[in-house]
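The lines below spell out each chain.
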There are 2 protein chains.
Amino acid sequence: MSEWFFVLVPIGSILALLFAFYQARKVLSFSEGSALMRKISGAVRQGANAYLKRQYTGVSVFFIVMFVVLGIMAFVGLLTPFVPFAFITGGFFSGLSGFVGMKIATAANARTAQASSESLNQGLRVAFSSGTVMGFTVIGLGLLDLSIWFFLLKYGFYANLAGDAAAQINAISAAMLTFGMGASSMALFARVGGGIFTKAADVGADLVGKVEAGIPEDDPRNPAVIADNVGDNVGDVAGMGADLYESYVGSIVATIALAVSAGYNFGGAAVPMLMAAVGTVASIIGTFFVRCGEQADQKSLLHALRKGTYVASAIIIVASFPVIWFALDCAHFPERIGVYPAVLSGLIAGVLIGFFTEYFTSDTYKPTRELADSSLTGPATIIISGISLGMFSTLFPVIIVSISVLVSYFAAGGGTSFSAGLYGVGISAVGMLSTLGITLATDAYGPVADNAGGIAEMAHLPAQVRERTDALDSLGNTTAATGKGFAIGSAALTALALIVAYIDEIKIKVPDFLFDLSILNPPVLIGLFIGAMLPFLFSSMTMQAVGRAAQSIVQEVRRQFKEIKGLMEGTADADYATCVDICTRGAQKEMIAPALTGIISPIAVGLILGVNGVTGMLAGATATGFVLAVMMANSGGAWDNAKKYIEAGKHGGKGSAAHKAAIVGDTVGDPFKDTSGPSINILIKLLSMVSIVFAGLILKFSLL
Amino acid sequence: MSEWFFVLVPIGSILALLFAFYQARKVLSFSEGSALMRKISGAVRQGANAYLKRQYTGVSVFFIVMFVVLGIMAFVGLLTPFVPFAFITGGFFSGLSGFVGMKIATAANARTAQASSESLNQGLRVAFSSGTVMGFTVIGLGLLDLSIWFFLLKYGFYANLAGDAAAQINAISAAMLTFGMGASSMALFARVGGGIFTKAADVGADLVGKVEAGIPEDDPRNPAVIADNVGDNVGDVAGMGADLYESYVGSIVATIALAVSAGYNFGGAAVPMLMAAVGTVASIIGTFFVRCGEQADQKSLLHALRKGTYVASAIIIVASFPVIWFALDCAHFPERIGVYPAVLSGLIAGVLIGFFTEYFTSDTYKPTRELADSSLTGPATIIISGISLGMFSTLFPVIIVSISVLVSYFAAGGGTSFSAGLYGVGISAVGMLSTLGITLATDAYGPVADNAGGIAEMAHLPAQVRERTDALDSLGNTTAATGKGFAIGSAALTALALIVAYIDEIKIKVPDFLFDLSILNPPVLIGLFIGAMLPFLFSSMTMQAVGRAAQSIVQEVRRQFKEIKGLMEGTADADYATCVDICTRGAQKEMIAPALTGIISPIAVGLILGVNGVTGMLAGATATGFVLAVMMANSGGAWDNAKKYIEAGKHGGKGSAAHKAAIVGDTVGDPFKDTSGPSINILIKLLSMVSIVFAGLILKFSLL
């Protein structure tokens with residue numbers, strides 16, 4: 001294969017970024033509405049900026065420390081000199097993805113509310129366009145980072161290896177995997193910090209405002225109301241963006257790393273990057289199919305969003321065939337076309353996991369309706385039923401991922417070559433993520449619609465507007481559910497690819513390393529136990545963090561109600577900024593311990609149990625983390641929608657005993673679905689990334 | 001080593017059974033109290049008998065079907081002809097253990113109440129003696145089953161192999177592993193069925209009696225009150241007994257199976273059996289140290305129980321050294337004495353896991369007190385904190401088991417011989433379980449004390465009596481917590497030993513079988529994912545089962561309150577039998593699906609993914625199941641004690657908002673700690689057992 005192919009990757013990146021820019025311009029061309037709306041939106045924007053500024057300041061300390069640590073390791077020869085720099089760029093671009101997404105989301109909220117006062121379709125257009133900016137920024141920056149490093153390493157630093165393709169790719173992928181660790185670390189801070197912020201604010205606003213003071217949701221008298229709206233942006237938008245940036249880049253780099261042992265060299269390295277480039281174009285085309293009539297109901301809105309994703313998928317299905325055919329030179333090696341079904345299996349798995357997530361969490365299906373029924377016998381039964389629902393729902397994603405792994409492994413030639421089969425597994429992750437541009441767009445639009453509803457409420461817009469934003473928001477919950485399933489599924493596949501890349505790295509570093517990865521080898525087995533425990537430990541830490549952060553915001557809201565005269569009467573303004581500040585500080589403080597757990601565990605396990613033990617730990621954490629993340633996401637989603645189902649009038653509606661029980665379920669579900677569950681996605685990838693980067697250290701100093 | 005050593009095993013069995021008989025006589029020599037007490041106790045006994053009769057009838061259908069299936073498999077040559085019979089005896093003895101334990105428990109409840117009216121020490125004596133009957137019946141019957149089959153196979157059916165020790169042991173252990181599957185199946189039915197019964201009755205009695213009708217706990221007007229007391233016996237006594245019977249026998253047989261590949265032959269087969277025999281004597285001696293003064297407070301009561309366990313442990317520590325020295329001929333092979341530290345690591349791990357379980361679930365320590373504090377902000381926060389506590393608490397048992405596995409593996413020679421190391425892991429499980437006689441005694445005494453309290457209440461005994469039984473009961477909660485930790489830890493180690501025995505079985509069946517147990521081999525990896533999911537799926541099924549069974553009992557109690565005139569006034573009797581009957585039928589119906597899941601999963605996975613896939617599944621289920629079981633047990637235990645802590649006067653005491661929130665936590669915790677959590681112990685062992693028995697089928701027909 002001639003190498004001009006690689007030029008398509010930066011082209012894809014530029015296309016994505018241009019499209020994001022075009023969409024951003026479009027969003028900004030809409031009116032932001034009345035002065036009051038601008039003021040509210042401004043407060044949210046200001047809060048979100050303050051949060052991100054604080055977060056990036058705090059995180060930069062971590063990055064500087066890590067840069068020094070990695071620098072020292074590079075200096076003593078445990079790492080190549082590019083690693084510290086790659087680490088920094090990965091973190092930078094991941095952070096930038098979150099930043100841009102949040103900027104546009106906070107710019108779009110009032111505009112969506114204003115557009116909704118014209119028509120539902122206009123509202124959808126603004127909200128979806130802002131989601132699009134996020135989606136394409138993520139993939140554009142991902143491909144940019146990939147391109148820069150790829151070209152820099154291939155034609156610059158490692159040009160001397162040009163004669164030995166295998167050695168060159170190995171050197172390139174080893175350096176590039178490091179920026180995955182940078183991206184993972186940043187993503188973890190974003191997800192955990194954002195998750196803590198959003199839920200602390202949410203709980204604080206609900207517990208004191210709604211329950212104690214008895215004022216409605218999104219009431220401007222509630223001092224935590226702005227923090228609550230900021231939370232939607234920093235948690236759901238910035239956190240989700242950083243998470244998927246990391247899966248996207250991670251799956252591509254891991255697959256590149258596997259290209260050599262699979263025997264495909266540069267052709268094999270090209271496939272994941274080209275698939276991503278093709279996916280960019282397909283996603284752009286898909287966005288043009290997202291439109292609805294003025295009289296659209298929720299069903300046709302959902303249909304509109306789905307259509308975009310399906311069109312993009314169809315294009316990828318068609319276009320990836322020639323890509324693989326040419327890149328892998330299938331004319332001469334016809335068996336290599338087995339990589340194509342691997343792509344399909346990933347794509348289909350993504351859609352199916354999304355479907356089952358929706359089935360278990362949407363109130364249009366039986367499970368959530370039955371969950372709502374269990375609220376009739378009180379909070380205890382709805383909790384038991386919800387946990388039970390979440391646990392049961394893990395069956396399907398596990399089966400789907402299992403089939404996808406099997407199909408991609410054997411289709412890609414796993415029967416004759418182990419490495420070729422594993423390359424296929426990596427490609428299936430890339431296939432699943434190839435539609436990321438549009439998938440993320442449909443997902444990131446939700447928080448914007450949610451914010452728009454809040455602004456409509458606070459700015460006293462006509463009831464009809466709130467109805468429309470509610471329709472958009474409710475749809476956003478559905479797409480958020482599918483988006484979450486997609487994020488978890490792709491994280492699991494990416495983590496698997498990274499584990500294989502880890503083994504590959506060890507083999508490159510120490511060609512005659514004596515692996516004993518047998519599941520019965522005690523270090524592997526013990527690693528497996530520790531790995532199975534880590535997601536539980538990590539979830540416990542993030543849930544406790546939410547609790548502590550929520551406590552401090554509860555006290556502040558109570559204080560303001562007591563001390564600010566005229567607040568309840570509406571004659572004095574609440575001090576929103578202090579609430580935002582408290583959430584920000586709480587999130588910053590609380591995110592440190594869980595993040596360090598993710599980074600220290602693989603190093604500690606490695607130093608004691610060695611490479612085999614680390615591999616066991618990674619496999620255990622990926623398997624159990626996947627199951628636990630699905631459970632937490634689905635239990636939480638189902639509780640949320642069961643509550644909404646009751647609020648829509650079932651079982652006595654708002655204020656009934658059933659509703660009160662459902663609120664308990666929803667409150668328990670909040671940290672499940674928005675903090676702990678999604679953070680596990682990143683944890684499992686970060687563990688692999690850290691293991692890869694610190695492989696040299698472990699090889700040198702481990703006990704076993 | 002001369003073979004007369006083996007004779008010590010049946011001697012140990014007879015000693016244990018004689019001691020159990022002696023203790024039973026002692027219990028029965030106490031007075032059962034007034035006519036009313038005898039009547040109440042009779043009703044509980046009758047209900048428990050009715051339940052067990054129904055259960056054994058239902059289960060016998062399953063055993064007959066399995067007998068036929070195994071018979072056909074034996075007929076076509078997939079199994080040896082002993083397998084179906086061994087399967088039946090395993091089930092029979094496991095069931096018998098539960099039956100005897102329950103018989104004595106239901107005989108001891110009124111006697112404990114009556115003895116408590118004399119003094120606390122008398123009460124403790126009766127209750128503990130009845131627990132002793134249970135404990136020694138379990139180990140006595142376990143050793144009996146082992147002895148019968150061992151001698152029958154060694155000197156009867158396989159006497160022709162006497163010239164080839166290795167072949168003979170392999171043939172013997174293969175047949176004996178089958179009775180493990182029989183025991184597992186029976187234990188699963190007992191744990192799941194009993195767990196469903198006890199929680200359905202508990203919830204029914206509380207929800208309608210306490211909450212709706214407003215009558216106190218254990219009030220004779222409550223139609224579900226007898227069912228509730230029956231539940232303590234069928235769930236906590238019979239279920240726990242069958243569970244630990246199975247761990248006990250399973251760990252011994254698995255270690256025997258590993259003796260050949262470790263190179264120890266009959267000496268190695270003797271060690272686990274002799275350790276069990278030594279443990280029997282040690283446990284008997286230990287029981288004589290359980291006594292307290294008349295003025296004993298709870299602390300000295302606990303001290304009394306602990307002393308018995310510590311004495312027994314100390315004896316085993318001393319006595320197991322010569323056992324290993326002679327059995328493994330360490331005079332000639334000094335390195336073999338490394339098996340001794342393996343025993344110690346198991347024993348110490350058991351004690352440590354028990355300690356951490358107590359730390360996380362007892363209200364004398366910080367975690368449960370802080371959990372009680374979180375009830376101040378309502379039911380949602382106590383649920384989140386409780387789940388978080390349970391998740392966090394998994395860290396310690398995982399570390400303890402990990403260290404125990406590492407120590408026993410390397411001490412027993414894993415550095416030079418893989419098989420010798422794994423034999424050490426098996427021995428550590430045997431070491432942990434060697435104190436079972438007395439550990440189970442301290443555990444099984446709890447439900448008796450609980451029942452005694454109920455009878456004291458219903459029979460209107462003086463307040464002082466109830467205070468004493470409450471002190472015994474509260475102590476029972478602590479020992480139940482340590483007992484649960486012990487059950488989970490030993491189940492995990494036993495399951496590990498069984499996985500290794502499984503691989504050994506395959507090697508014996510197909511000596512040149514091409515294993516690829518690498519954790520990266522896709523069937524292993526997928527097996528791992530499926531295995532990680534199974535405990536979640538299984539827990540979901542058991543929790544839903546409790547919910548459904550509880551619904552039907554709620555309706556029945558409501559019906560009786562409505563239809564039976566004079567019930568509330570105390571002029572008419574409630575229809576206790578119908579409530580017992582409904583719980584019984586509910587439990588029978590609901591236990592089928594989870595049990596079948598445990599049996600079918602390994603066969604289905606095996607037929608598709610083959611031996612490697614099954615091994616991955618077993619490892620995944622053991623690791624995740626262990627973590628999930630610990631989490632559920634500790635969350636549940638902590639909620640229970642947080643509620644009791646509040647009831648003792650903290651945060652407003654009974655009736656306060658905090659108390660109401662704590663009740664929600666306790667209700668959620670009930671199926672966690674008494675149904676789903678403990679059932680996972682059996683699930684992980686059953687999966688291995690089924691895999692072993694159906695290994696021939698899988699080898700012949702699997703796809704991969």
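Every chain is numbered on its own, with residues counted from 1 as its sequence reads. To label them, take the chains in the order written and letter them from A, then take the ligands in the order written and number them from 1. Whole-chain, interface and lining totals are the exception, using all residues; otherwise, since this is a predicted model, local features are given only for residues with pLDDT of at least 70 and side-chain atom pairs are given and counted only at 80 or more. Remark: hydrogens and water are excluded; side-chain values derive from all non-hydrogen atoms of the structure.

*Asks:* Explain the relation of the copies chain A and chain B to me, and be specific about the residues and the numbers.
*Replies:* Least-squares superposition of the copies uses the C-alpha atoms of those residues scoring a pLDDT of at least 70 in each of them. Superposing chain A onto chain B takes a rotation of 180 degrees plus a shift of 0.0 Å along the axis, which leaves an RMSD of 0.0 Å. On the angle and the small slide along the axis, the relation comes out as a two-fold axis. Minimal C-alpha distance to the rotation axis in chain A is attained by Ser518 of chain A, lying at 2.2 Å. A share of 100% of interface residues in chain A that are also interface residues in chain B marks the association as one of identical surfaces. By definition, residues are in contact when any of their heavy atoms lie within 4.5 Å.

*Asks:* Any details on the interface of chain A and chain B? Residues and values, ideally.
*Replies:* Facing the 62 residues of chain A at the interface are 63 residues of chain B. Of the roughly 5,800 Å² buried between chain A and chain B, counting both surfaces, carbon and sulfur atoms make up 87%. The term buried area denotes the loss of accessible surface (1.4 Å probe radius) that occurs when two parts are joined, taken as the sum for both partners. When residues of chain A are sorted by the area they lose upon contact with chain B, Leu520, Phe529 and Phe536 of chain A head the list and together hold 13% of the total. We count a salt bridge whenever a side-chain nitrogen from Lys or Arg sits within 4 Å of a carboxyl oxygen from Asp or Glu. Across the contact surface, chain A and chain B share zero salt bridges. Those elements giving two or more residues to the side of chain A that touches chain B turn out to be α11 (379–393), α12 (395–411), α13 (418–433), α15 (463–509), α16 (522–563), α18 (592–647) and α19 (657–693) of chain A. Note on conventions: DSSP H or I runs of at least 4 residues are helices, E runs of at least 2 residues are strands, and numbering of each starts at the N terminus. Looking at the side of chain A that touches chain B, the element that brings in the most residues is α16 of chain A, giving 16 residues. As a working rule, the residues Ala, Val, Leu, Ile, Met, Phe, Trp, Tyr, Cys and Pro are called nonpolar, Asp, Glu, Lys and Arg charged, and the rest polar, with Gly in that last group. For the side of chain A that touches chain B, the per-class residue count stands at 47 nonpolar, 15 polar and no charged.

*Asks:* Give me the packing of aromatic side chains: which residues, what numbers.
*Replies:* A pair of aromatic rings is counted whenever rings of Phe, Tyr or Trp (Trp by its six-membered ring) have centres within 6.5 Å, and the orientation is called stacked for planes under 30 degrees apart, edge-to-face for over 60 and tilted otherwise. Under the criterion given, the structure shown has 64 aromatic pairs over all chains. An angle of 80 degrees between the planes, with centres 6.5 Å apart, marks the rings of Phe150 of chain A and Phe266 of chain A as edge-to-face. Residue Phe150 of chain A is located in helix α4 (residues 120–157), and its partner Phe266 of chain A is located in helix α7 (residues 265–287); the two are separated by 116 residues in the primary sequence. When a residue's accessible area, from a 1.4 Å probe over protein chains only, is under 20% of the maximum for its type it is buried; when over 50% it is exposed; and in between it is partly exposed. The buried category is assigned to Phe266 of chain A, whose relative accessible area is 9%. Summarising the aromatic geometry, the rings of Phe82 of chain B and Tyr158 of chain B are spaced 5.2 Å apart at their centres and angled 85 degrees between planes, so their arrangement reads as edge-to-face. One end of the pair, Phe82 of chain B, is in helix α3 (residues 82–118); the other, Tyr158 of chain B, is in the loop between α4 (120–157) and α5 (165–213), and 76 residues separate them in sequence. Tyr158 of chain B shares its class with Phe82 of chain B; the two are buried. Grouping aromatic residues by their ring pairs yields a cluster made of Phe355, Phe356, Tyr359, Phe360, Tyr365, Phe392 and Phe396 of chain A. Cation placement over rings: the criterion is NZ of Lys or CZ of Arg within 6 Å of the ring centroid and within 35° of the ring normal. Across the ring face of Phe333 of chain A, the terminal group of Arg336 of chain A is positioned such that the distance to the ring centre comes to 3.9 Å.

Remember that the coordinates give geometry; whether it matters functionally is a separate question.
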